[in-house]
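# Reading the structure
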Amino acid sequence: MAEHRDQVWQRAQERCEYCQLPQPCTVLPHEVDHIRSQKHHGLTTPSNLCLACAHCNSYKGSNVAGFDPESDELTPLFHPRQHVWGEHFEWNGPVLVGITPLGRTTIDVLRINFPERVEHRRLLIEVGQLPHL
Ligand SMILES: [Zn+2]
């Protein structure tokens, strides 16, 4: 894992690859995440690693799927190496909107729109710290 750390951080440009939170916007350190967890035989290779903020990583845990809040269908989570972020998510101010089943399910499982997280992003936008929003 240590040998891939710098590559993962640089590739992600120090942002969470799920909720896009930049590391400088939080005191909690971002973490290198196994997209397919080791529990599910995911390998420690660059194609299975991503950068995740502490919140996304802790809610994701070893999950690889969830239930779409609209259809209740079993749905895989967003895979930062295999899916294109902008095809599944879009911002509505500080609220992340899932525009596909996969996007909605990922937001739900990772609790990306929990009120404290939305409020954090709202404050960051207000002070100009989330230029991508
Ligand atoms: Zn995140």
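Here, every reference points to the structure presented above.
The structure presented is a predicted model; accordingly, all values stated were derived computationally and were not measured. (Residues numbered from 1 in each chain as written. Predicted model: local features only at pLDDT ≥ 70, side-chain atom pairs only at ≥ 80, totals over all residues. Heavy atoms only, no water.)

## Regarding the coordination of the zinc ion
- Taken together, C16 (SG), C19 (SG), C53 (SG) and C56 (SG) make up the full set of protein donors to the zinc ion, lying 2.3 to 2.4 Å away.
- Coordination at the zinc ion is tetrahedral: its four donor atoms span angles of 104 to 116° at the metal. (Donors = N, O, S within 2.8 Å, 3.2 Å for Na, K, Ca; no water. Tetrahedral: all angles 85-135°; square planar, octahedral: opposite > 155°, others 65-115°.)

## Quick look at the side chain of R121
- Note that R121 resides in helix α4 (residues 115-126).
- One buried charged residue, R121, remains without a salt bridge, the closest side chain of opposite sign being E119 at 10 Å.
- In terms of polar contacts, R121 uses its side chain to reach the backbone carbonyl oxygen of P94, at 2.7 Å.
- Not counting residues up to four positions away in its chain, the partners in contact with R121 are W91, P94, V95, L96, I112, N113 and L130. (Helix = DSSP H or I, 4+ residues; strand = E, 2+ residues; numbered from the N terminus. Buried < 20%, exposed > 50% of the residue type's maximum accessible area, 1.4 Å probe, protein only. Lys, Arg positive; Asp, Glu negative; His and termini not counted. Salt bridge = Lys/Arg side-chain N within 4 Å of Asp/Glu carboxyl O. Polar contact = N/O pair within 3.5 Å; in protein donor to acceptor, adjacent residues only side chain to side chain. Contact = heavy atoms within 4.5 Å.)

## Overview of unusual backbone geometry
- A positive phi is found at Q20, a non-glycine position, where the angle reads about 70°.
- Phi is positive for H41, which is not a glycine, with a value near 65°.
- Topologically, H41 is positioned in the loop between β1 (31-34) and β2 (49-52).
- Taking the relative accessible area as the measure of exposure, H41 reaches 64% and is therefore exposed.

## Notes on the state of the cysteines
- In this structure the tally under the stated criterion is zero disulfides.
- Residue C50 stays outside any disulfide, its sulfur separated by 7.1 Å from that of C16, the closest cysteine.
- Accessibility expressed as a relative area gives 0% for C50, which makes it buried. (Disulfide = S-S within 2.5 Å.)

## Overview of the pattern of salt bridges
- By the definition in use, this model includes six salt bridges.
- For E17, the salt bridge goes to R81, with nearest N and O atoms at 2.6 Å. One end of the pair, E17, is in the loop between α1 (5-11) and β1; the other, R81, is in the loop between β4 (74-76) and β5 (89-92), and 64 residues separate them in sequence.
- E70 is the partner of R104 in a salt bridge, and the nearest nitrogen-oxygen pair spans 3.6 Å. With a gap of 34 residues between them, R104 in helix α3 (residues 101-109) and E70 in the loop between β3 (65-67) and β4 connect regions that are remote in the sequence.
- Taking the relative accessible area as the measure of exposure, R104 reaches 18% and is therefore buried.
- Accessibility expressed as a relative area gives 62% for E70, which makes it exposed.
- Through salt bridges with shared partners, one network takes in D68, E70 and R104.

## Topic: the packing of aromatic side chains
- Applying the stated criterion across every chain yields a total of five aromatic pairs.
- Taken together, a centroid distance of 5.3 Å and an interplanar angle of 80° make the contact between F78 and F89 edge-to-face. With a gap of eleven residues between them, F78 in the loop between β4 and β5 and F89 in strand β5 connect regions that are remote in the sequence.
- On the basis of relative accessible area, F89 is assigned to the buried category, the value being 2%.
- Measuring from centroid to centroid gives 6.1 Å for W85 and W91, while their planes differ by 35°, and the two rings are tilted. (Phe/Tyr/Trp six-rings, centres within 6.5 Å; stacked < 30°, edge-to-face > 60°.)

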